[in-house]
Structures are given as structure tokens and as C-alpha cells.
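Reading the structure
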Amino acid sequence: MTNPSSPTFADIIAAAQRIDGHAHRTPVLTSKTVDEELGATVFFKCENFQRMGAFKFRGAFNALSRFDAQQRQAGVVAFSSGNHAQAIALSAKLLGIPATIIMPQDAPAMKIAATKGYGGNVVTYDRYTEDREEIGRRLAQQHGMTLIPPYDHPDVIAGQGTAVKELIEEVGALDALFVCLGGGGLLAGSALSARALSPECKIYGVEPLAGNDGQQSFRSGSIVHIDTPKTIADGAQTQHLGNITFDIIRRTVDDVLTATDEELIDCMRFFAARMKIIVEPTGCLGFAAARQMKTELRGKRVGVVVSGGNVDIARFCELLAN
Ligand SMILES: *Cc1c(COP(=O)(O)O)cnc(C)c1O
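Here's what I pulled together on the structure shown here. Every value quoted in this text rests on a predicted model; they were computed, and no experiment measured them. (Residues numbered from 1 in each chain as written. Predicted model: local features only at pLDDT ≥ 70, side-chain atom pairs only at ≥ 80, totals over all residues. Heavy atoms only, no water.)

1. Observations regarding the sheet that holds strand β10 (residues 301–306)
Threshold: In short, DSSP must find at least two bridges between two strands for them to pair. Numbering goes from the N terminus for both helices and strands, where a helix is a DSSP run of H or I of at least four residues and a strand is a run of E of at least two. Note on contacts: a residue pair qualifies if any of its non-hydrogen atoms lie within 4.5 Å across the two residues. Throughout, an axis means a line fitted to C-alpha atoms (over the contacting stretch in the case of helices), and angles, computed between N-to-C directions, take values from 0 to 180 degrees.
Taking strand neighbours across the sheet as the criterion, the six strands line up as β1-β2-β10-β7-β8-β9 in an open arrangement whose pairing is mixed. Strand pairing shows two members of the sheet lacking a second neighbour, β1 (28–29) and β9 (255–259), which therefore form its edges. Bridge count for strand β2 (residues 41–46) against β10 is six bridges, and the pairing is parallel. Note on β10: the bridge partner recorded for K45 is V305. On top of the sheet, helix α9 (residues 162–171) reaches β1, β2, β7 (176–180) and β10; it is set at about 140° to β2, its chief contact.

Printed below as a string of C-alpha cells:
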């Protein structure tokens, strides 16, 4: 049973046209050291170099580009303390659409400032006594704003799928692909692109071990809800997959794997020391899982999505110091 609002590869092609000239076509990096370690040829799609520092710009810009005149005038509303907030605020600014972002009162001042810096109107709430989804729905209803969720939306998924489309068009067919997994927008979009462009490719989603709801859902066949997991991978602290994302993931993905916080820190250190790039903890999930697999990847062509680079520098140093 396919969800009627489920996107297809044709929607990813259309999204690629909409974001062309607005999103960066991010570089694909390679490392001889990694190839030797895994006995494979590894291609890193570096979304840490995307505008606002993560792939989320792709989905947000694609979704907002599809607004009609009335939606543009009333504006967009989103709730997020992370990369989705900044992606919506920046995309809205570029398209001349007013944006309201609902963020927790105690969100890091730096993140609130970044969202305001992109022109977003920030509304704060108390995360212990108020429900952000309800505030979002109320604002949407009262002011006619359109709510854009971080992952469970066809235009968001289609936009996220453009990164792996670019990757495979640039480097050719892959034998295996590793993608970070939170709510599943990136994995669902990536899997649609990989299935269309490189049908034999094995596709793996990768979650933090402490929050393996996606793995449980994938293996049990229905969406599993968990409490907010304790992990340094703050972009993957989701409590459950979405209905649309899960429907695509169960049809297209080969397995969901996990990585520990220690493995993520090892990858952050490797990326910084050997490849000279700053990757946030969540962005290391794909590489961490590929490194666990060694022998299975021998002689293979492997894609790894590096999803983002937004980590506070003081925090980055603290994590690497231990
Ligand atoms: C949001 C995010 C993810 C997870 O993406 P989903 O579409 O929610 O699965 C992974 N990495 C980074 C850097 C993110 O911002």
C-alpha cells in the first residue's frame, strides 16, 4: 500500500530544478586512507558545505518554492531547535516569504541568533509546559500560515533526495550507500534516488545506538515510538519515523544500522585530522557504520552522505579532547 502523497523519483528531478542556482552543488571528497582502511572506494557527499551547513536547505527551499501567492503572503511556520529552523528561515528570506520559527526558550542562544540572523521571526516556548506542535497549529490556523514539518512532507523528502541524485550522477553506480537517519526525510529521499539511478545498490540507514527506533520500526514492520534518546547526535534525536518516510524506507532500504557516540567522536576526529573538514556528530553516522563493515565492503564502490557541519566550536573541542 503506497501513501498517495508519497513522492517519487520524478519529484526529486523537479526538486533538483527548483533548487538549481540556490543550493550549492556540494563537493564529493575521497580519502586514500579511508579506501585503504576499508579496502573499498569511498565517496563522501559533503553536505556540511551546503548553505546553512546541512542538507536541510534542499528540502526547505523545495517546499517553500511550491507555495502559491496566498501561502507566500501569509508565511511559513516551523518548529525546530536545529538545522530545519535555519533552513526554513534562510529559504524564506531568499524567496521573500515571512517565516515564524517556534524554538524552546532554553535553546542555545547561538542557534536562536542564527535563526534571527537569517530573518526568521522567533517565537519561544517553555518546553516543559507547552506543546510546540499545538502552538504551530494555532499560528497556522489564526494567521493562515503553512506549517512545514522537518521530515514527514513530500516536498521536503523530494528536496533531500537531490543530494544522492547529484552524488550518483557525478561518480556513477554504487554498491552500497550509508545515510544518517533521524525522522527519515534524508534516507527516504536518498533511497528513491539510489533505487532509480543505481538499482543494485545496498542502502543502509544509520541511527545513534541510544535511539534506534528506526531500526526497531524497520525490523518489526510498524512505527516504534521511543523517549527522546540521550546521544551527542542531536540531529537524530527523533522519537519516531514519519508515516510517509517509513512507508518509503520499508520498501526501498536494505537495513538500518547503529553507531555509538564513541564511534561518532572517532569519525569527527578523523574527518578533522585527515580530511580537514568539520562534521557535526549526526553527520558522522554513515561513515561510522561503513567502518564497522570492513570485509563486506572489500572491492566495493561506497557512498557516504555527510549530512551537516553545524557544531559549536567549543563543543567540538570538548568532544575531541577526551
Ligand atoms: C536533520 C538531520 C539529520 C536527520 O535527517 P532526517 O531527515 O530527520 O532523517 C541528519 N543529519 C543532520 C546534520 C541533520 O540536520
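Having seen the model, we can carry on.
2. As for the sheet that holds strand β4 (residues 99–104)
The four strands lie next to each other as β5-β4-β3-β6, forming an open sheet whose pairing is parallel. The sheet is open, and its two borders are formed by β5 (121–125) and β6 (146–147), each paired with just one other strand. Bridging between strand β3 (residues 76–79) and β4 involves four bridges; their strand directions are parallel. Of the residues in β4, the one forming a bridge with F79 is I102. Along the sheet face, helix α6 (residues 109–117) touches β4 and β5 and points at about 180° away from the line of β4.

3. Regarding the pairing of β5
Here is the rule we go by: When the strands point away from the viewer and the connection leading from the first strand across the helix to the second strand turns clockwise, the crossover is called right-handed.
Pairing geometry for β4 and β5, over five bridges, is parallel. When the sheet's bridge partners are listed, P104 is paired in β5 with Y125. On the question of chirality, the crossover connecting β4 to the parallel β5 by way of α6 is right-handed.

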